Amino acid sequence: MVINQEFKEALRQILWQFRAPIRYAFAYGSGVFAQNGSAASSSTHPSAPAAIKNMQQGSGKMIDFIFGVSYSQHWHSLNLSQHRDHYSGLGSLGSYAVSQVQDRFGAGVYFNTHNTVNGTLIKYGVVNLDTLCQDLTQWNTLYLAGRLHKPVKILRDHPKVRLANQMNLLSALRVALLLLPERFTEFELYSTIAGMSYMGDLRMILPAEDPSKVRNIVSGQMAHFRRLYAPLINNLPNVTFKDPRCNQSDWIDDPDAILAMVQDMDPVKRGNMVRRLPESFREKLYFQYQSRYSIPRAEFNKMMEESNDTKQDVVRRPQGGTFERRIAGDDHLQKEVAASITKTIRWPSTVQTIKGPLTAGLRKSWNYLQEKRQKHKKAQLAAASSMEKPDSKQH
């Protein structure tokens with residue numbers, strides 16, 4: 001993603017304050033990318049570099065990071081020696097206890113929040129590179145894969161993660177197409193993609209998140225989404241931009257251009273998309289349809305065995321069969337795909353939320369929750385106010 005170079009350098013300087021080796025890192029969220037309608041933050045940076053203050057226009061929003069590391073226990077051991085104050089009381093039990101909480105519960109991420117580094121208030125999540133790559137390619141939790149569906153600023157790249165994330169973005173595009181009708185707009189596509197990671201998220205059920213968050217993210221970052229997905233759209237045979245605006249050279253950088261799109265609803269092509277979904281996620285969808293079609297377990301197991309790519313002697317591009325085409329043509333496909341997304345996300349995201357008080361400490365967790373609730377309340381008031389304005393003009 002293209003962002004101000006001085007701001008990017010300021011973010012990189014934060015990484016250099018950690019002696020523990022960070023192999024891969026990205027910054028994300030409203031502290032990095034503007035979101036339309038985003039409420040002002042109560043967080044403030046004690047003495048942030050000018051580039052951060054200028055980019056955030058004085059809002060003082062906490063900046064979120066994800067750090068990919070090789071060995072979580074070793075990383076936390078080094079980080080505890082340098083930044084013991086970043087950890088809750090759990091840190092007093094040592095790096096083994098911290099790494100066990102990270103790796104064995106939830107989505108494999110350990111967050112330290114509301115810490116000041118280089119004069120800037122930050123939150124950072126630590127994850128093993130293998131865990132990250134597995135989620136990007138398999139969608140076993142969608143916790144980190146979902147964050148990378150949206151624009152992020154990669155500060156330290158890693159070839160293994162880069163390849164895995166290309167697969168992740170392509171998977172997000174395919175799932176969004178399965179959720180959308182034949183004709184739709186570019187805004188609807190990106191909103192569908194951005195909304196996936198919030199399906200089943202406990203924060204969206206509780207009053208702890210802005211209900212307009214997805215719309216705010218997409219409307220404020222259209223050009224960024226386009227840079228992520230336009231090259232993939234151009235390479236897929238069954239979806240295309242159907243808008244004369246594409247003939248103009250500057251369309252990709254125009255945030256006000258909401259382009260029309262169309263997809264081929266041919267069951268063979270859509271069956272191929274089903275077949276090429278991430279393995280862990282695809283299995284959940286298949287089990288949904290085993291139940292819907294009342295397929296006997298023995299017959300279903302045989303069908304799954306035949307479709308297992310890892311047991312084929314010849315490596316070939318997966319092709320959808322009769323079962324996948326039947327799924328692709330089903331009238332309940334959108335409902336079943338949405339249910340599979342919710343099942344994937346609900347448990348790991350709930351456990352990550354429960355881990356918060358343990359990893360961040362009760363005070364920081366309470367303050368963080370209060371900030372979220374304030375944003376939720378402000379967003380509701382803003383929505384109510386916008387609905388009342390037209391009525392006031394009529395009287």
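The rules behind the values
Residues numbered from 1 in each chain as written. Predicted model: local features only at pLDDT ≥ 70, side-chain atom pairs only at ≥ 80, totals over all residues. Heavy atoms only, no water. UniProt positions renumbered as here; feature names shortened; annotations may be inferred. Buried < 20%, exposed > 50% of the residue type's maximum accessible area, 1.4 Å probe, protein only. Helix = DSSP H or I, 4+ residues; strand = E, 2+ residues; numbered from the N terminus. Pairing = 2+ DSSP bridges.

An unreviewed UniProt entry lists the protein under the name Phosphatidate cytidylyltransferase, mitochondrial, with Penicillium capsulatum as the source organism. Annotation of the protein in UniProt includes, under Sequence similarities (unreviewed entry), the sentence "Belongs to the TAM41 family." What UniProt states about the protein under its Subcellular location (unreviewed entry) heading is, verbatim, "Mitochondrion inner membrane".

(A) Inspection of the pairing of strand E4 (residues 120-128) at higher detail. Burial analysis of E4 places nine of its nine residues in the buried class, which makes it a mostly covered element. Residues Thr 120, Ile 122, Tyr 124, Val 126 and Asn 128 point to one face of E4 and Leu 121, Lys 123, Gly 125 and Val 127 to the other, with burial holding for every one of them. Bridging between strand E2 (residues 63-69) and E4 involves seven bridges; their strand directions are parallel. Bridge assignment links Val 69 to a residue of E4, and that residue is Asn 128. Relative to E4, strand E3 (residues 109-117) runs antiparallel, the two sharing seven bridges. By the bridge assignment, Val 117 is partnered in E4 with Thr 120. Where E3 hands over to E4, the hairpin turn is made up of two residues, of which Asn 118 adopts a positive phi near 55°.

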